[in-house]
Amino acid sequence: MFQTTLSTLLRKRRQPELTCAQPQKEMKFREVTVYLVERRMGKSRRNFLTSLARSKGFCVDNTISSTVTHIVAEDNPAHELWPWLQEQGITDLGKMNVVDIAWFTQSMRAGRPIPVEAQHRIQKPSVQPKPEAGPPDSPWLNVSQYACQRRTTLNNRNKILTDALEVLAENYEFIESIGPCLGFRRAASMLKSLPAPVRSINDIEGLPCLGPETMAVIQDIFECGSSSKVEEVLTDERYQTLKIFTSVFGVGPKTAEKWYRRGLRSLEQIVSDSSIHLNKMQIAGFKHYEDISKPVSKAEAEAVRRIIEEIAGCFSPDVTITVTGGFRRGKEFGHDVDFLLTVPGPGKEDGLLPAVIDHLRSQGILLYSDFQESTFDLTRLPCRRFEAMDHFQKCFLIVKLKKEQVVGQQAEQRCGRDWKAVRVDLVAPPVERYAFALLGWSGSTQFERDLRRFARLERNMLLDNHALFDKTTNTFLQAKTEEDIFIHLGLDYIEPWQRNA
Ligand code: DCT
Ligand code: MG
């Protein structure tokens, strides 16, 4: 059903005579005349969108005249667009709606011009106040509200602030209060991207993602050295207990809360309470708690990669193994090691992970495995559930890593037991889904959330770990590389090490 591919879309785009020259058919909405700004949008995309709008009965003018009611721009920041518009000598500019492409794509989806709302408008920038007339400008202009339009390395210059905000986010996560949780996570994520430490509240005035609650916390930290709200959470018994319980593999906020409400306060109490039923994952989580609650180092991750590579190579010599997750983003430590395994050729990955698991078991190094068969079905895409897990063949493992296999492991670290239990996730998508799976599994979680939110709100597209779907044209957009996906989304490419949002 969705067989139209990018090549079809590109063919349309490459033939302006099919699009631009397409005459206005029936005009359904006489009260609206659209002008599409070619600047930054590009000629071919403009032609394509013109054609699309006309086919839906919209009037689109190729020149700006006083009959235009809606000026639509894409990727044009206000401070660039407005001077350009003013140079065009438009007489009635003040009466026109100057809107972002989101208004256009939402109107296309609705099949009619939707009312212009505040978030659609590209506001004329106010004249900058003279330095003595007001607070100094923020040193960070044009910080996007979306993590996928920011470059966030591991060099976080605002750790004091982001740690505090993340405590509050986590606390809200524990009580499943999603709105405030995401609010604090977004704020922390935005601050992580700033190229210098925030010195005062004036520095961050006007930056996105900072709601009044966040500002109050930051103000407290600047004025008193810490936030009373954060201190309160950190010393709260409930928070402390849920933090310990959720540190166990297989224990989420719901289970942790249930145990807390039963009066349980420590891991010892949980394991010694015979009335508590633990599932298989939690049993393994408790059994290997000492090891898997410790961070996994890069050297350990590399040792795991060599083991998996050798085993997967027995299944097929063509298999490729890519490190994803935090290690791909350059982290020195992680809570697990994530890998993507692919084999060229349709369906060639079938049976790959069960074979790897069998091999690990026969080598005596498999401590736990939870294998999930693929439920991937292209005809059931796109998935509209935002936080849902993907449908690829995958497994969550705990493997025994011999200390001697870890390069650079110091002798004193090797005393006692000669192995360490390590959490490993393996995912084996069909090769033609590789780019989407790689982008999705590289994280960070906040970066992924914002990529999807950006796609949906700014581009009228749906992105998940399987595919990118353009709702305006009802087509899947094909991608071989992560770069292809960024191009489809009209985003500058962000390197994995810049995705630590
Ligand atoms: N991910 C996803 N869908 C999920 C869970 C995770 O797309 N339901 C992505 C986001 C990050 C990536 O997979 C790996 O997940 P984690 O290992 O949890 O995150 P990480 O960034 O690798 O963190 P850590 O370094 O602690 O392992
Ligand atoms: Mg990880």
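It should be noted that the structure appears before, not after, this text.
The following refers to the structure shown. Note that the coordinates shown come from a computational prediction; the quantities given were computed from them, not determined experimentally.

**Some words on the overall build of the protein**
Link 1 in the chain: Across its full length, the protein holds 20 helices and 14 strands.
Link 2 in the chain: Every one of the 501 residues in the protein was classed for burial, and the buried ones make up 49%.
Link 3 in the chain: Long-range pairs, those at least 24 residues apart, make up 69% of the contacts in the protein with a sequence separation of at least 6.
Link 4 in the chain: For the protein, the exposed area adds up to about 24,400 Å²; of that, 52% sits on carbon and sulfur atoms.
Link 5 in the chain: Averaged over its 67 positive side-chain charges, the protein has a centre that lies 4 Å from the centre of its 64 negative ones.

**Thoughts on the coordination of the magnesium ion (ligand 2)**
Link 1 in the chain: Within the protein, the magnesium ion (ligand 2) binds to Asp336 (OD) and Asp338 (OD); these donor distances fall in the range 2.1 Å. For the residue pair Asp336 and Asp338, the accessibility class agrees, reading buried in each case.

**Details of the pattern of salt bridges**
Link 1 in the chain: For the structure shown, the criterion picks out 30 salt bridges.
Link 2 in the chain: Its salt-bridge partner being Glu38, residue Arg46 comes within 3.2 Å of it at the nearest N-O pair.
Link 3 in the chain: Overall, Arg46 belongs to the buried group, its relative accessible area being 10%.
Link 4 in the chain: By relative accessible area, which is 31% here, Glu38 ends up partly exposed.
Link 5 in the chain: Across the pair Asp75 and Arg459 runs a salt bridge whose closest N-O atoms are separated by 2.9 Å. Taken together, the residues span a long stretch of sequence, with Asp75 in the loop between β3 (70-73) and α4 (78-87) and Arg459 in helix α19 (residues 445-459) at a distance of 384 residues.
Link 6 in the chain: Overall, the relative accessible area of 31% leaves Asp75 in the partly exposed class.
Link 7 in the chain: Bridged by salt links that share partners, the residues Arg45, Glu74, Asp75 and Arg459 form one connected network.

**A look at the site of ligand 1**
Link 1 in the chain: Neighbouring ligand 1 are 14 residues, the closest being Gly326, Arg329, Lys331, His335 and Asp336.
Link 2 in the chain: At a separation of 2.8 Å, an oxygen atom of ligand 1 approaches a polar backbone atom of Gly326.
Link 3 in the chain: In this structure, Lys331 approaches ligand 1 through a side-chain N or O atom, which is 2.8 Å from an oxygen atom.
Link 4 in the chain: Surface burial for ligand 1 is 77%, taken as the share of its 560 Å² of free accessible area covered by protein chains.
Link 5 in the chain: Secondary-structure elements contributing two or more residues to the shell around ligand 1 are α16 (325-328) and α18 (434-442).
Link 6 in the chain: In terms of residue class, the shell around ligand 1 is made up of two nonpolar, eight polar and four charged.

**So, the nonpolar core**
Link 1 in the chain: Counting residues in hydrophobic clusters, the biggest one holds 39 residues, and the most contacted among them are Leu191, Leu194, Ile204, Phe245, Trp259 and Ile270.
Link 2 in the chain: Here the element with the most residues in this core is helix α6 (residues 159-174); it accounts for eight residues.
Link 3 in the chain: There are two domains that each give this core at least three residues, and those are domain 2 (147-234) and domain 3 (237-287).
Link 4 in the chain: When residues no more than four places from it in sequence are discounted, the contact partners of Phe245 are Val251, Ala256, Trp259, Tyr260, Leu264, Arg265, Ser266, Leu267 and Ile270.
Link 5 in the chain: By size, the runner-up hydrophobic cluster in this structure holds 31 residues, among which are Ile311, Ile321, Leu341 and Val424.

Rules of the game
Residues numbered from 1 in each chain as written. Chains lettered and ligands numbered in written order. Predicted model: local features only at pLDDT ≥ 70, side-chain atom pairs only at ≥ 80, totals over all residues. Heavy atoms only, no water. Helix = DSSP H or I, 4+ residues; strand = E, 2+ residues; numbered from the N terminus. Buried < 20%, exposed > 50% of the residue type's maximum accessible area, 1.4 Å probe, protein only. Contact = heavy atoms within 4.5 Å. Areas by Shrake-Rupley, 256 points an atom, 1.4 Å probe, with all protein chains shown as cover. Lys, Arg positive; Asp, Glu negative; His and termini not counted. Charge placed at Lys NZ, Arg CZ, Asp CG, Glu CD. Donors = N, O, S within 2.8 Å, 3.2 Å for Na, K, Ca; no water. Salt bridge = Lys/Arg side-chain N within 4 Å of Asp/Glu carboxyl O. Near = heavy atom within 4 Å. Polar contact = N/O pair within 3.5 Å; in protein donor to acceptor, adjacent residues only side chain to side chain. Nonpolar A, V, L, I, M, F, W, Y, C, P; charged D, E, K, R; others polar. Core = buried A, V, L, I, M, F, W, Y, C linked by side-chain atoms within 4.5 Å. Domains from an automatic or database assignment.

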